[in-house]
Amino acid sequence: MKKYIPLIALLLCVMVLPAQPSHNHGGKRDNPPKVEEMVSNLSLKQKKTLLEVRERSKDRMDELKAQLNTVRDSIRDYIHREGDNTKVLYPLFDREGELQARISKEMYALRLQIDAILTPEQLKEFRQAMEQRRGKKRN
């Protein structure tokens, strides 16, 4: 009987965790903000640079998200298999965390690049627009 307790606990976790609220709205994150739509006085050079930065970041993010989806599919597959799949699952959990961290780092790097392109006045306008955007999402 004692050997079934961990299996029962794992099954309960698998059934309960998907019902938990997510901080990133079900695993889907919004696309990066289009700064040129939020800041009124960008130069042509700034617009071009922002577009290039966003496209490079989007390509990297798409690749990371594809890898993350593959890992998550594997995790779901092994979790539902009979027996102890710890040797396979634990490295997959580690890889999932690593990919999630790389996605967060990529998002932060994009923010830093955007900040470097904007003037202090433009940055202030952008941050105000972002706050308004966040406020609308909360409502």
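Quantities reported herein were computed from a predicted structural model and do not represent experimental measurements. Residue indices follow the written sequence of each chain, beginning from 1 at its first position. Since the coordinates come from a predicted model, pLDDT governs what is reported: local features require at least 70, and pairs of side-chain atoms require 80 or more to be given and counted, while whole-chain, interface and lining totals use all residues. As a convention, hydrogens and water are excluded, and side-chain values are obtained from all of the structure's heavy atoms.

Remark: nonpolar core denotes a set of buried residues (Ala, Val, Leu, Ile, Met, Phe, Trp, Tyr, Cys) joined through side-chain atoms within 4.5 Å. Only protein chains enter the accessibility calculation, which uses a 1.4 Å probe; a residue whose area is less than 20% of its type maximum is buried, one above 50% is exposed, and one in between is partly exposed. The biggest cluster of nonpolar side chains holds 14 residues, and the ones touching the most others in it are V35, L42, L50, I114, L118 and F126. Counting from the N terminus, the helices are the DSSP runs of H or I reaching at least four residues and the strands are the DSSP runs of E reaching at least two. Listing elements by their share of this core, those giving two or more residues are α2 (35–38), α3 (44–79), α4 (86–117) and α5 (120–138). With 4 residues, α5 is the largest single contributor of residues to this core. Pairs of residues are marked as contacts when any of their non-hydrogen atoms sit within 4.5 Å. In this structure, L118 is in contact with V35, L42, Q46, L50, L123 and F126, ignoring residues within four places of it in sequence. Core analysis: the second largest hydrophobic core is formed by 10 residues, M61, L68, V71 and I79 among them.

To continue, consider the pattern of salt bridges. Salt bridges are defined as contacts in which a side-chain nitrogen from Lys or Arg sits within 4 Å of a carboxyl oxygen from Asp or Glu. Inspection of the entire model under this criterion finds 10 salt bridges. The closest approach of N and O atoms between D73 and R76, which form a salt bridge, is 2.5 Å. Of the two residues, D73 and R76 are both situated in helix α3; the distance of 3 residues between them amounts to about one turn of the helix. For R76, a relative accessible area of 46% corresponds to the partly exposed category. The partner of D115 in a salt bridge is R127, with the nearest N and O atoms 3.2 Å apart. Taken as a pair, D115 in helix α4 and R127 in helix α5 lie far apart in primary sequence, 12 residues in all. By relative accessible area, which is 16% here, D115 ends up buried. A single salt-bridge network, built from bridges that share partners, covers R111, D115 and R127.

In this fold, V71 is placed in helix α3. Residues V71 and F93, spaced 22 residues apart in sequence, show a C-alpha to C-alpha distance of 8.3 Å. When near neighbours in sequence (up to four residues on either side) are disregarded, V71 contacts L92, R95, E96 and L99.

Per-residue confidence from the predictor is reported as pLDDT, which spans 0 to 100. Residues with a pLDDT of 70 or more make up 76% of the protein, whose mean pLDDT is 83. Low confidence marks residues 19–27, where pLDDT is under 50. Its contacts with residues over four positions away, or in another chain, come to 2 contacts.

The convention used is that axes are lines fitted to C-alpha atoms, helices contributing only their stretch in contact, and that angles between N-to-C directions extend from 0 to 180 degrees. Here α3 crosses α4 at 170 degrees, and the two axes come no closer than 9 Å. The orientation of α3 with respect to α4, classified from their angle, is roughly antiparallel. Under the scheme applied here, ten amino acids are nonpolar (Ala, Val, Leu, Ile, Met, Phe, Trp, Tyr, Cys and Pro), four are charged (Asp, Glu, Lys and Arg), and all others, including Gly, are polar. Across the contact of α3 with α4, the residue classes break down as 19 nonpolar, 7 polar and 8 charged. Note on angle classes: values under 35 degrees are labelled roughly parallel, values over 145 roughly antiparallel, values of 65 to 115 roughly perpendicular, and the remainder oblique.

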